[in-house]
Structures are given as C-alpha cells and as structure tokens.
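Reading the structure
Listed here are the chains, written in short residue letters.
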Amino acid sequence: MSEKKESIEYSPLTLFADPDGSMSASSAVFGSPPRYVQGNGTIDHAGHYLRRLGFGQVAVLLSRRSQSAEGARLLSSLAAAGVGTDTLTFGGECSFEEIDRQVAAAASLASAPVALVALGGGKAVDAGKSIAHRLQIPCVVVPSLASNDAPCAAVSVIYTPDGKTLDAEIYDQSPALVLVDTGVIAAAPERYLVAGMGDAMATWYEARACAQNPQGITAFGGRPTLAGAAIARHCSDTLFEYGVAAAADVRASRVTPAVEKIVEANTLLSGLGYESGGLAAAHAFAQGFTVLEDVHRNYLHGEMVAIGTLAQLMLEGDDSEASRVAGFFLQVGLPVHLGHLGLGAGDAQALSGVVQGAMAFPFLGNLLADTSEAALLGALGQLDALGRSLAAGGADRAYQALH
C-alpha cells in the first residue's frame, strides 16, 4: 500500500478575469504564447528567434546534464547570433526555495537579463516561468520532453524541496516564445511522449465538461471560448489518429509527420485547449494521486491524468467513451486501471487520500456530475473494473513494455 503524504492545500487563486474573487465570470478569455516554433533542429536556430524578439541579453536556466547536451546547442546558437548569456544551474526541483535562489542569482548578474530562457522538462520549465515572473521579464520555454502541456501554459506547479506537490501559481502573461525541437523530443524515451498523450487526452473531456456547465470557468477565471473548445477537440482527434504511429516512431528515435503532429498536440493544442477550455475532474484526480508517495515517485503526471480522465468519464456516465479512451490507452501504453499505478480497489486508505486531494482541486466544480466523496470513490472503482476487463489476457502489453 502506498504511503500517504500531507493533503494538498492550494493558495487562494487570483485569476485574470475574476475581478471580485468570486470564482465566477461572464467574460470569455483566450490566452496563448505570442510565438510557438516547432521542428527538427529548431534549437540550433534559437538565437535567430530571440534576436527577432529583441532579446539581446538573457539568463538561461539549465540542468547540469543539459549543459553538456541540448543546452550546449542552445548556448552555441545564442552566441552565434550575438545574444549575451548567463547560465543558471537548475537544482532539479521547482520549489519556492529553488526559485528564490535563482531569482537572487539572476538579480546579481553583471548584465541584467531582458528575458529568461528555461530549457528542460516540466519542472525546469515551471521554475523558469516562476523566476521570470518574479524578475518581471519575459520567459522563453525550450522543452526537452513532450510529456505534458506545461510549456505553453501561464501556470507553474510548485513542489516542496523533496518533491511533494505544494501549490500552483497562475500568471497574467504566457511565455513569450515556446521553441520545440522535435529531434530532441524524439531522442527521449518513448514513455515521456506517451505520458504527454495521457495529459493531452484529458483536454477535450475537461473542456467539454466546462462548456456544459454555465458556471464553469477556466484557469484564466473566464468562461471557456469556442476557440479553446475547438482546439481541445482537435487535440483528442489528433491523438486518436496519430498516437500509435508516433509512439512507434519515437521508439525508433525517428522524427516523422506523426511525431510532429503528436508533439504539437501534447504541447500546443493541449496547453491552449486546457487554459482556454477549462479543467475538471481528470486533473483533480491526477493531483489527488500525488498525495501517495509511491505513485508520485514512480509515475508521470500524464499517466495519473490518464486514470483521472477515465474516472471523470465514469462520473459523467459516459461508459462508451471511457471504453474508447481506455482502448487507445492500451494501444500506446498508458494505464487503464488502478493496478497500473500500483494500487487496488481495496486500498481504502490510499484511495481516500486521493479523493481528498481531488476535492481540494479548485476546478473540480466545473463538472456538473456528482463530485461527492462517495461519487469519486465509486468512479475509481468503476474505472478499475473497466480497465481490468479490457487489459485481461495481456492486452496491456504496451504498458508493460514501458514499465
């Protein structure tokens, strides 16, 4: 049984389109990065893009590993374009302590940066956004993985120094530029791209739920837009059509049209779709799973979101769509039952912790269905039964291959 951590308590949210703090709104809001660039080898042209945006002196947040890998390519491109750089070494955790340390380091630089460039996975990207916000300068995001939709979002998830989910910050400004090198993405392990599909698949179902609720609000504090919902719907359509092929191509470290489409779905479509379409129960469950130490340590965000999506569909009574989504998850290697996260339907204490964490999620109320503790527990049991029936006889071989 997984050890339970402290419960999640989010700080009060101050949302862009919520002037009276009531978490209700009549205005619709759409937000996005001003520029998104994606392609094989794009990182080698980073200097060109930063120069076009007027960023002549930047701080670059890099892990020690990336400084001798894709980070070295980034710095080389910036130098060739005449962009001045100072490197900040990311400590690995997006905690307030790490953020404060990097802010102090950036503030003491001899040449003040006019932008901050954050290269890496989700935690490096989120830390970069938070650091740039405190320095009051634009943020440029260069993701090294397509495992979640953090790169385009005006949000940072904050953790404790030992990696426990602590809070979330929502900003009024999106990243100024998101630069995605699909060659770097395709060189990463397949599991990361697949996890990104789990995160992205939730986008449409949560946006659909938010649109159906007259009181539903997005992460901007406004009503969902038609554009956000359309992007979210196209995100899921793209996953269903190209996801299996893209997973196979990344397994072979190939950049193909299918990979390009799935990277865009995981990163751009999902990021814009969830911010301007809305969140609901899928991400509530995902955050709830992080209170379990073993789950948080051993599984990726998108894998937890995948289970959360199935649980949301159960809450909505959409059994046919749950079966369809679970069938796709089985094909690409995402979890479809609690056992795939090291849990069982009989783990009452652990599942109670998950449900309590989910109920603390500020956007759970976007779902019109019953979201009581009993209903959430029931949905977890129902998805577990569905997933186990579909995975029987070795149908989860793709999942087992990734784990």
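Predicted model, so just to flag it, every value in this text is computed and none were measured. Counting restarts for each chain, with residues numbered from 1 along the sequence as it is written. Residues qualify for local features only when their pLDDT is at least 70, as the model is predicted, and side-chain atom pairs are given and counted only at 80 or more; totals for whole chains, interfaces and linings, by contrast, use all residues. Side-chain numbers come from the whole structure's heavy atoms, not from hydrogens or water.

1. Regarding the pattern of salt bridges
A pair can form between side chains of opposite charge whenever their charged atoms are brought close. When a carboxyl oxygen of Asp or Glu lies within 4 Å of a side-chain nitrogen of Lys or Arg, that pair is called a salt bridge. Inspection of the entire model under this criterion finds 17 salt bridges. Among the salt bridges present, the one from R191 reaches E303, with a minimum N-O distance of 2.8 Å. With R191 in helix α6 (residues 190–212) and E303 in helix α11 (residues 301–315), the pair connects residues that are 112 residues apart, well separated along the chain. Across the salt bridge formed by R297 and D294, the nearest N and O atoms sit 2.7 Å from each other. Of the two residues, R297 and D294 both sit in helix α10 (residues 293–298), three residues apart, roughly one turn of that helix. We classify D294 as partly exposed; its relative accessible area is 29%. Connected via shared salt-bridge partners are D44, R73 and D181. To qualify as a helix, a DSSP run of H or I must reach at least 4 residues; to qualify as a strand, a run of E must reach at least 2; elements of each kind are numbered from the N terminus. Relative accessible area decides the class of each residue, using a 1.4 Å probe on protein chains only: under 20% of the type maximum gives buried, over 50% gives exposed, and in between gives partly exposed.

2. Some thoughts on empty space enclosed by the protein
Using a grid of 1 Å spacing that covers the protein atoms alone, one calls a set of points a cavity when a 1.4 Å probe fits there but cannot get out, and a pocket when the set is open and has protein on both sides within 12 Å along at least five of seven lines; lining residues are those with an atom within 4 Å of a point. Grid points are joined across faces, edges and corners, and a volume is the space filled by probe spheres set on the points. Applying the stated criterion across every chain yields a total of one cavity of 30 Å³ or more. One number sums up the size of the largest cavity: a volume of about 40 Å³. Taken together, the residues of the lining of the largest cavity break down into five nonpolar, five polar and no charged. Residues were grouped as follows: Ala, Val, Leu, Ile, Met, Phe, Trp, Tyr, Cys and Pro as nonpolar; Asp, Glu, Lys and Arg as charged; and all remaining residues, including Gly, as polar.

3. Re the packing of helix α7 (residues 226–251) against helix α12 (residues 319–332)
Lines fitted to C-alpha atoms define the axes, with helix axes restricted to the stretch in contact, and inter-axis angles between N-to-C directions lie between 0 and 180 degrees. Across the interface, α7 lies against α12 with an axial gap of 9 Å and an inter-helix angle of 20 degrees. By the angle class used here, α7 and α12 are roughly parallel. α7 and α12 meet at a crossing whose hand is left-handed. Counted together, L239, F240, G243 and V244 of α7 and R324, V325, F328, Q331 and V332 of α12 form the full contact between these two elements. For the contact of α7 with α12, the per-class residue count stands at six nonpolar, two polar and one charged. The scheme is simple: roughly parallel for angles under 35 degrees, roughly antiparallel for over 145, roughly perpendicular for 65 to 115, oblique for anything else. Definitions for this section: a left-handed crossing has its near helix turned counterclockwise from the far helix by less than a right angle. A right-handed crossing has that turn clockwise. For this analysis, residues touch if any pair of their heavy atoms sits within 4.5 Å.

4. Remarks on the nonpolar core
We define a nonpolar core as any set of buried Ala, Val, Leu, Ile, Met, Phe, Trp, Tyr and Cys residues linked to one another through side-chain atoms lying within 4.5 Å. By size, the foremost hydrophobic cluster in this structure holds 107 residues, and its most contacted members are L116, M197, F285, F289 and L380. Here F289 is in contact with V295, H296, M304, I307, L338, L341, L343, V354 and L380, once residues within four sequence places are set aside. Residues L50, L62, L74 and L78 belong to the second largest nonpolar core, which totals 19 residues.

5. Focus: the packing of aromatic side chains
Ring pairs are drawn from Phe, Tyr and Trp, using the six-membered ring of Trp, whenever the two centres fall within 6.5 Å, and their geometry is named by plane angle: stacked under 30 degrees, edge-to-face over 60, tilted for the rest. A complete count under the given rule lists three aromatic pairs for this structure. Ring geometry for F240 versus F328: centroids 5.4 Å apart, planes at 70 degrees, classification edge-to-face. Linking F240 in helix α7 with F328 in helix α12, this pair joins segments that are 88 residues apart in sequence. On the numbers, 6.0 Å between centres and 70 degrees between planes, the contact of F361 with F363 is edge-to-face. One exposure class covers both F361 and F363, and it is buried. Here the aromatic cluster, defined as three or more aromatic residues joined through ring pairs, consists of F240, F328 and F329. Here the guanidinium or amino end of K261 rests over the ring plane of Y242, the centre of that ring lying 5.1 Å away. Charges are assigned to positions over rings by a cutoff of 6 Å between ring centre and Lys NZ or Arg CZ, combined with an angular limit of 35 degrees from the ring normal. Just above the ring of F240 sits the side chain of R324; from NZ or CZ to the centre is 3.7 Å.

6. Considerations on the pairing of strand β6 (residues 155–159)
With four of five residues buried, β6 is to be regarded as a mostly interior element. Pairing between strands is defined by DSSP: at least two bridges between the two strands are required. Two strands pair when backbone bridges link them, and β6 and strand β7 (residues 165–170) are joined in this way by five bridges, in the antiparallel orientation. Note that in β7 the partner of S156 across the bridge is E169. Following β6, the chain reverses through five residues before pairing antiparallel with β7; G163 in that reversal takes a positive phi of roughly 95 degrees.

7. Focus on the packing of helix α9 (residues 281–289) against α11
Running from N to C, α9 and α11 point in directions that differ by 130 degrees, and their axes come no closer than 7 Å. With respect to α11, the axis of α9 lies oblique. Crossing hand, α9 versus α11: right-handed. For the pair α9 and α11, contact is made by A281, A282, H283, F285, A286, Q287 and F289 and by H301, M304, V305, I307, G308, T309, A311, Q312 and L315, respectively.

8. Observations regarding the sheet that holds strand β2 (residues 57–62)
Judged by pairing direction, the sheet is parallel, and its six strands sit side by side in the order β1-β8-β5-β4-β2-β3 without closing on themselves. Each edge of the open sheet carries a strand with a single partner, namely β1 (35–39) and β3 (84–89). Direction aside, neighbouring strands of the sheet carry axes that sit 15 degrees apart on average. One ladder, built from five bridges, connects strand β4 (residues 115–120) with strand β5 (residues 139–143); its direction is parallel.

9. A few points about the environment of S352
Secondary-structure assignment places S352 in helix α13 (residues 348–359). Expressed as a C-alpha distance, the spacing of S352 and E373, which sit 21 residues apart in the sequence, is 8.2 Å. Not counting the four nearest positions on each side in its chain, S352 is found in contact with E373 and L377.

10. Thoughts on the side chain of D199
Mapped onto the fold, D199 is located in helix α6. Although buried, D199 forms no salt bridge, and the nearest oppositely charged side chain, K129, lies 10 Å from it. Here a polar contact is recorded for every N or O atom pair within 3.5 Å, except that within protein the pair must consist of a potential hydrogen donor and a potential acceptor, and residues adjacent in sequence are included only if both atoms are side-chain atoms. A polar contact of 3.1 Å, which involves the side chain of D199, links it to the backbone nitrogen of D149. In contact with D199, not counting residues within four places along its chain, are S147, N148, D149, S270, H283, H301, G302 and V305. Think of it this way: Lys and Arg go in the positive column, Asp and Glu in the negative one, and His and the chain ends go nowhere.

11. Regarding unusual backbone geometry
Even without a glycine there, the phi angle at Q136 is positive, about 60 degrees. Of note, S253 is a non-glycine position whose phi angle comes to about 55 degrees, a positive value. Locating S253 in the fold gives a position in the loop between α7 and α8 (257–277). Judged by relative accessible area, S253 falls into the partly exposed class, the value being 49%.

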